[in-house]
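Each chain, letter by letter, is given below.
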Amino acid sequence: MKTILKTTLVALAMALPMHASANTDGDKAIPPGKLPKAALQTISAHLPGRKIAIAKVETELFSKSYTVIFTNGEKIEFDGRGRWTEVKCKRSAVPASLVPAQIAHYIRANYPDCRILEIERDDDEYEVKLSNYIEVTFNDDFEVIDID
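My aim in this report is to walk through the structure given alongside it, one point at a time.

What counts, and at which threshold
Residues numbered from 1 in each chain as written. Predicted model: local features only at pLDDT ≥ 70, side-chain atom pairs only at ≥ 80, totals over all residues. Heavy atoms only, no water. 1 Å grid on protein atoms, 1.4 Å probe; cavity = no way out; pocket = protein on both sides within 12 Å on 5 of 7 lines; lining within 4 Å. Points joined across faces, edges and corners; volume = space filled by probe spheres on them. Helix = DSSP H or I, 4+ residues; strand = E, 2+ residues; numbered from the N terminus. Nonpolar A, V, L, I, M, F, W, Y, C, P; charged D, E, K, R; others polar. Salt bridge = Lys/Arg side-chain N within 4 Å of Asp/Glu carboxyl O. Buried < 20%, exposed > 50% of the residue type's maximum accessible area, 1.4 Å probe, protein only. Phe/Tyr/Trp six-rings, centres within 6.5 Å; stacked < 30°, edge-to-face > 60°. Pairing = 2+ DSSP bridges.

Some remarks on empty space enclosed by the protein
Applying the stated rule across the entire model yields 1 cavity of 30 Å³ or more. Taken as a whole, the largest cavity holds about 30 Å³ of empty space. As for the largest cavity, its lining consists of Glu 86, Val 87, Glu 118, Ile 119, Glu 120, Glu 127 and Lys 129. If you list the elements that add at least two residues to the lining of the largest cavity, you get strand E5 (84-88), strand E6 (116-121) and strand E7 (125-130). Considered class by class, the residues forming the lining of the largest cavity number 2 nonpolar, no polar and 5 charged.

Focus: the pattern of salt bridges
In the structure shown here, the tally under the stated rule is 7 salt bridges. The partner of Lys 75 in a salt bridge is Glu 77, with the nearest N and O atoms 3.1 Å apart. For Lys 75, a relative accessible area of 23% translates into the label partly exposed. Where Arg 81 meets Asp 79, a salt bridge forms, and the shortest distance between an N and an O atom there is 3.9 Å. With a relative accessible area of 63%, Arg 81 lands in the exposed category. A relative accessible area of 18% places Asp 79 in the buried class. By sharing partners, the salt bridges in this structure join Asp 79, Arg 81 and Arg 83 into a single network.

What to know about the packing of aromatic side chains
Evaluation of the coordinates by the stated rule reveals 3 aromatic pairs. Seen from their ring centres, Tyr 126 and Phe 142 are 5.3 Å apart, and the 35 degrees between their planes marks the pair as tilted. With Tyr 126 in strand E7 and Phe 142 in the loop between strand E8 (135-139) and strand E9 (144-147), this residue pair connects regions lying 16 residues apart in the sequence. Each residue in the set Tyr 106, Tyr 111 and Phe 138 is aromatic and connected to the rest through ring pairs, giving one cluster.

Focus: the layout of surface pockets
Summary: where empty space remains is shown by rolling a probe the size of a single water molecule over the atoms. Its volume calculated, the largest pocket comes out at about 200 Å³. No other element matches helix H3 (residues 101-110), which puts 3 residues into the lining of the largest pocket. Here the residues of the lining of the largest pocket are counted per class, giving 10 nonpolar, no polar and 2 charged.

Details of the pairing of strand E4 (residues 75-79)
The element E4 is largely enclosed, with a buried count of 4 among its 5 residues. Where strand E3 (residues 64-70) meets E4, 5 bridges bridge the pair, whose relative direction is antiparallel. By the bridge assignment for E4, Ser 65 is matched with Asp 79. A loop of 4 residues connects E3 with E4, the two strands running antiparallel in sequence, and Gly 73 in this loop sits at a positive phi of about 95 degrees. Note that E4 and E5 share 4 bridges and pair antiparallel. Within E5, the residue paired with Glu 77 across the bridge is Glu 86. Where E4 hands over to E5, the hairpin turn is made up of 4 residues, of which Gly 82 adopts a positive phi near 90 degrees.

That is the geometry; function is a separate question.
Spelled out as structure tokens, the structure:
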């Protein structure tokens, strides 16, 4: 009886990773036209004139995410619905039109000589990285909850 139980558990343990990997494609380059409509609208509205170097989709077991890297090195990431989740601008500031007004006001008031180089959001937080290497985290009410 123990042998049958062990054999069954080993078979299940081996089959689960194979099933999970069969349902995920990982990171794959796609034509920019295959991005969600909302992602394409964000790019054209907030990042006009930038040339896309590569667009990628990452497929996980229950979700998708998209990454777009521009020829100037800037990068924007989107969730499966095409809502931006992260913007990274190495040499320039994140477009002001992507930064919520409350965050922009706080940064201008407290760090007037800094630019926002990165902004990341999830369901309940925004995190901005400034040109002076300070990271400021805001809750979903745009109140500062952490500074690194």
